[in-house]
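Per-entry structural report
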Amino acid sequence: MLKMNDISKIYRTDLVETHALSGVNLTVEEGEFIAVTGPSGSGKTTFLNITGLLETFEEGQYFLDGEDVSQLSDKHLSRLRNEKIGFIFQGFNLISDLNLYDNIEVPLIFRGLNKQTRKQRIEESLELVGLGSRANHFPAQLSGGQQQRVAIARALAGKPRFLLADEPTGNLDTMMARQVMALLQEINRQGTTLIMVTHDNELAQRAHRNIQILDGQLSDIAKSQLTDLAV
Amino acid sequence: MAIKHILKLIFKHKSISLLITLQIAIAVTIVGNTSFISYRTLQNWLIPSHMAEEQIINVYTRVFDKDLDQGALIERDLQNLRALPEVEFASYAANELVLATVNGRNFVHNSLDREKQGERLALFAQTPQGVEALGVKLTHGRTFYDTEYMFTSTGPQAQRASVVVISNTLAQALFPEQNALGQTLFLHTERLPYQVIGIYEDMMLGENAVYNNSWYHSAIIPEAHYGQNSQVNYILKVHTDGSKRTLENIENLLFKEEGRIVKQVEYAARAKKRLWDGRSTFAFIMMGISGIAILVTGVGIIALVSFSISVRTKEIGVLRALGASQNRVLRTLLLENSILAFVGIAVGLFAALWLNQYFVTNLRIQGLIVPWLAAIVAIAVWLLSACAVYIPARKAAKIAPAQVTKTS
Ligand SMILES: Nc1ncnc2c1ncn2[C@@H]1O[C@H](COP(=O)(O)OP(=O)(O)OP(=O)(O)O)[C@@H](O)[C@H]1O
Ligand SMILES: [Mg+2]
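1. A short note on the overall build of chain B
- The number of helices and strands found in chain B is 12 helices and 16 strands.
- Dimensions along the principal axes, computed over C-alpha positions, put chain B at roughly 100 × 45 × 35 Å.
- Looking at chain B residue by residue over its 408 residues, the buried ones come to 51%.
- Approximately 19200 Å² of chain B is accessible, and the part contributed by carbon and sulfur atoms is 60%.

Structure follows, in structure tokens:
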């Protein structure tokens, strides 16, 4: 489904060049569940952004479903983002001026779904994260954990084939974190490819495959090595 | 994003939306009115004058010698002028020359009722040959008999005439239901009665009347008084079309008389141009005001939209991340602005209508609403606002989604 060859990303500011990613090679098969771990600032979000077509890269090639994404127009990329990819951001990124219902509806409108389908999907996904009764609330009226769940609901409502989650349990208590994890696992089981960034080694254990990023370098690691890296 | 969401965002950001709307409304009000006024003013100059502009000559002279007998002087001048080979007709003229009102405002009334407002008109007070000099074409009735002409000095013993010939449009304005011939109308502040004995084809003759939208309202009376002030003016008709020599000959002739100066000798065409220049200056000032209003609005909208977008950078980035293309962001912002512009334009047009009413009734400015011009102004302001939005909106659309989604 996804293939990266030698991807590098450099951030240039006036003073420094940060090699956020260097020489990343990765192949992901349809239906995989990959957990990405690594210390803060190592390049996890950068990797996820590039994977999710939110950011461009300097070097290398990235094929998504066989398409070379560096060749695609903004319009085409936007459509891929909207149709194939669900993104759960590290900082929820809800639109504060819209209520939960509208927040979830926006990407569905981009998709061109009709009103009926949209309503059904929104209600389903809000129900799924346990916020069915809050459709008319605004993000500011929710706790951090609840906002996190709305962000998950928004990503799921589009029924993406490819779900990217950046610390989806970072703002949740252990109980809630487990529930959300179970939810993501269930979605993965139903066929959605899942890449999740996490600091929680216990949750990382549940993935099919573990990847570690250290200073922009990406490598597969065995589950047994996970505990050593706990930050 | 659907219209529904845009509307929700507009209501969320009430104050800035209101400011943008207001800005557009004000622009429409100002530009709408100034363009109505400019248009109507310039349009007036398409109204035909129906006169021999290059054959009628206005002569302005001033007598500075107080002992000079003005009556005798005028008799002498007219005799000499008529003797010139180019001159066909010559008449003394009191306060009204062709498209040049020397002084005073004239009204005509169809009744003695002081409550009723009269009609404005160009009132030509002439000596014999006055009717011919103006080139009047009679359609009904007759012109004056020589015995009907009164030519005396001003004062209590000034003799008044009793007959008048009027233009067709004035006849209809004064006597809409009856035949104007034989009717009595009232002139001067004293409301003296004059009987209508003739009606002539419309001509644009009076400066003051033109200013007051009564361009075809005129009347000729066979009475002329002199000595009210130092001014002694004539209206001539020549058969040399627009010749400069003719003007010089007339000037030289009048120059021979001592105790007075010849101020100006000009064709009616020249007087008309002067009138036109004055009015087009007014129209151009109005256009200038429109231009400034457009500029201020454009800059204002750019500033306001830039601000309203800058507070929503994150929001826009999120939309991009969720799959909005740059084009869609651009379209959404343009649509949002169009909704505001639509409301602003609607409010502005109403305000323009109201202001226009005020101008027309209270300031006697001509500039009634021109529907198609209003439509053009509305479209132009909308385009302007769209262009103003385009600049900051494009910048917003270029925001890289990762730039905003990364920070929490
Ligand atoms: N826009 C940017 N400009 C400059 N440097 C950047 C930018 N974004 C990220 N970086 C740098 O790139 C490196 C990787 O950042 P990234 O956000 O991918 O880290 P991370 O692994 O997600 O960290 P965390 O666990 O704290 O979320 C960091 O050193 C960061 O400072
Ligand atoms: Mg991160």
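2. A word on the sheet that holds strand 1 (residues 56-63) of chain B
All names here are of chain B.
- Spatially, 4 strands are ordered 2-15-1-16 in an open sheet, and the strand pairing comes out antiparallel. Of all the strands in the sheet, the pair left with one neighbour each is strand 2 (87-93) and strand 16 (260-267). Strand-to-strand twist of the sheet, defined as the mean angle between neighbouring strand axes without regard to direction, takes the value 20 degrees.
- With 6 bridges connecting them, strand 2 and strand 15 (residues 231-238) associate as antiparallel partners. When the sheet's bridge partners are listed, alanine 93 is paired in strand 15 with asparagine 233.
- Seen against the sheet, helix 7 (residues 244-255) touches strand 1, strand 15 and strand 16 and runs at an angle of roughly 165 degrees to strand 16.
- Here helix 8 (residues 268-310) sits on the sheet and contacts strand 1 and strand 16; the angle it forms with strand 16, its principal contact strand, is near 85 degrees.

3. Points about the domain arrangement of chain B
Residue and element names in this part refer to chain B.
- The domain architecture assigned to chain B consists of domain 1 (3-47 + 276-405) and domain 2 (56-239).
- Each of domain 1 and domain 2 has a C-alpha centre, and these two points are 51 Å apart.
- Counting from both sides, the interface comprises 5 residues of domain 1 and, opposite them, 8 residues of domain 2.
- Summed over both sides, the interface of domain 1 with domain 2 buries roughly 690 Å², with 53% coming from carbon and sulfur.
- Scanning the region where domain 1 abuts domain 2 turns up 0 salt bridges.

4. Comments concerning unusual backbone geometry
- Although it is not a glycine, lysine 159 of chain A adopts a positive phi angle of roughly 45 degrees.
- Of the residues examined, lysine 159 of chain A reaches a relative accessible area of 51% and is grouped as exposed.

5. Some details on the environment of alanine 375 of chain B
- Topologically, alanine 375 of chain B is positioned in helix 11 (residues 371-397).
- Sequence spacing of alanine 375 of chain B and isoleucine 345 of chain B is 30 residues, and the spatial spacing of their C-alpha atoms is 10 Å.

6. Regarding the site of ligand 1
- As a matter of local geometry, ligand 1 sits amid 14 residues, with Ser40, Lys44, Thr45 and Thr46 of chain A together with Lys406 of chain B nearest to it.
- Here an oxygen atom of ligand 1 and a side-chain polar atom of serine 40 of chain A are 2.5 Å apart.
- Look at ligand 1: alone it shows 640 Å² of surface, and the protein chains cover 68% of it.
- For the shell around ligand 1, the secondary structure elements donating two or more residues are strand 2 (17-28) and helix 1 (44-51) of chain A.
- Considering each element in turn, the shell around ligand 1 owes the most residues, 3 residues, to helix 1 of chain A.
- Taken together, the residues that form the shell around ligand 1 break down as 3 nonpolar, 9 polar and 2 charged.

7. A word on the coordination of the magnesium ion (ligand 2)
- For the magnesium ion (ligand 2), the full set of protein donor atoms is Thr45 of chain A (OG1) and Gln90 of chain A (OE1), and the range of their distances to it is 1.8 to 2.4 Å. Placement of threonine 45 of chain A in helix 1 and of glutamine 90 of chain A in the loop between strand 6 (85-88) and helix 3 (100-111) is noted, with a sequence separation of 45 residues between them.

8. Examining the sheet that holds strand 4 (residues 59-64) of chain A
Residues and elements named next belong to chain A.
- Taken in spatial order, the 4 strands make up an open sheet running 2-1-4-5, and their pairing is antiparallel. Here the strands that pair on one side only, and so sit at the sheet edges, are strand 2 and strand 5 (67-68).
- Here strand 1 (residues 2-12) runs beside strand 2; their pairing, made up of 8 bridges, is antiparallel. Within strand 2, the residue paired with methionine 4 across the bridge is leucine 26.

9. Here's the deal with the pattern of salt bridges
All names here are of chain A.
- By the definition in use, this model includes 23 salt bridges over all chains.
- For glutamate 83, the salt bridge is made with arginine 79, and the minimal N-O distance between the two is 3.8 Å. Placement of both glutamate 83 and arginine 79 in helix 2 (residues 74-84) is noted, with a separation of 4 residues, approximately one turn of the helix.
- By relative accessible area, which is 45% here, arginine 79 ends up partly exposed.
- Beyond isolated ion pairs, a larger network of salt bridges with shared partners links Glu30, Asp65, Lys84 and Arg161.

10. What about a nonpolar patch on the surface?
- On the surface, a nonpolar cluster with roughly 420 Å² of combined accessible area is contributed by Leu22, Ile26, Ile30, Ile285 and Ile289 of chain B.
- Per element, the largest residue contribution to the nonpolar patch is 3 residues, and it comes from helix 2 (residues 14-43) of chain B.

11. Describing the confidence of the model for chain B
- Confidence along chain B averages 87 in pLDDT terms, with 98% of residues attaining 70 or more.
- For this predicted complex, the interface score ipTM comes out at 0.90, while the overall pTM is 0.72.

Cut-offs used in this document
- Residues numbered from 1 in each chain as written.
- Chains lettered and ligands numbered in written order.
- Predicted model: local features only at pLDDT ≥ 70, side-chain atom pairs only at ≥ 80, totals over all residues.
- Heavy atoms only, no water.
- Helix = DSSP H or I, 4+ residues; strand = E, 2+ residues; numbered from the N terminus.
- Buried < 20%, exposed > 50% of the residue type's maximum accessible area, 1.4 Å probe, protein only.
- Areas by Shrake-Rupley, 256 points an atom, 1.4 Å probe, with all protein chains shown as cover.
- Pairing = 2+ DSSP bridges.
- Axes fitted to C-alpha atoms, helices over the stretch in contact; angles between N-to-C directions.
- Contact = heavy atoms within 4.5 Å.
- Domains from an automatic or database assignment.
- Buried area = accessible area lost by both parts, 1.4 Å probe.
- Salt bridge = Lys/Arg side-chain N within 4 Å of Asp/Glu carboxyl O.
- Near = heavy atom within 4 Å.
- Polar contact = N/O pair within 3.5 Å; in protein donor to acceptor, adjacent residues only side chain to side chain.
- Nonpolar A, V, L, I, M, F, W, Y, C, P; charged D, E, K, R; others polar.
- Donors = N, O, S within 2.8 Å, 3.2 Å for Na, K, Ca; no water.
- Patch = residues over 30% accessible without salt bridge, like charges linked within 9 Å, V, L, I, M, F, W, Y side chains within 5 Å.
- pLDDT = per-residue confidence, 0-100.

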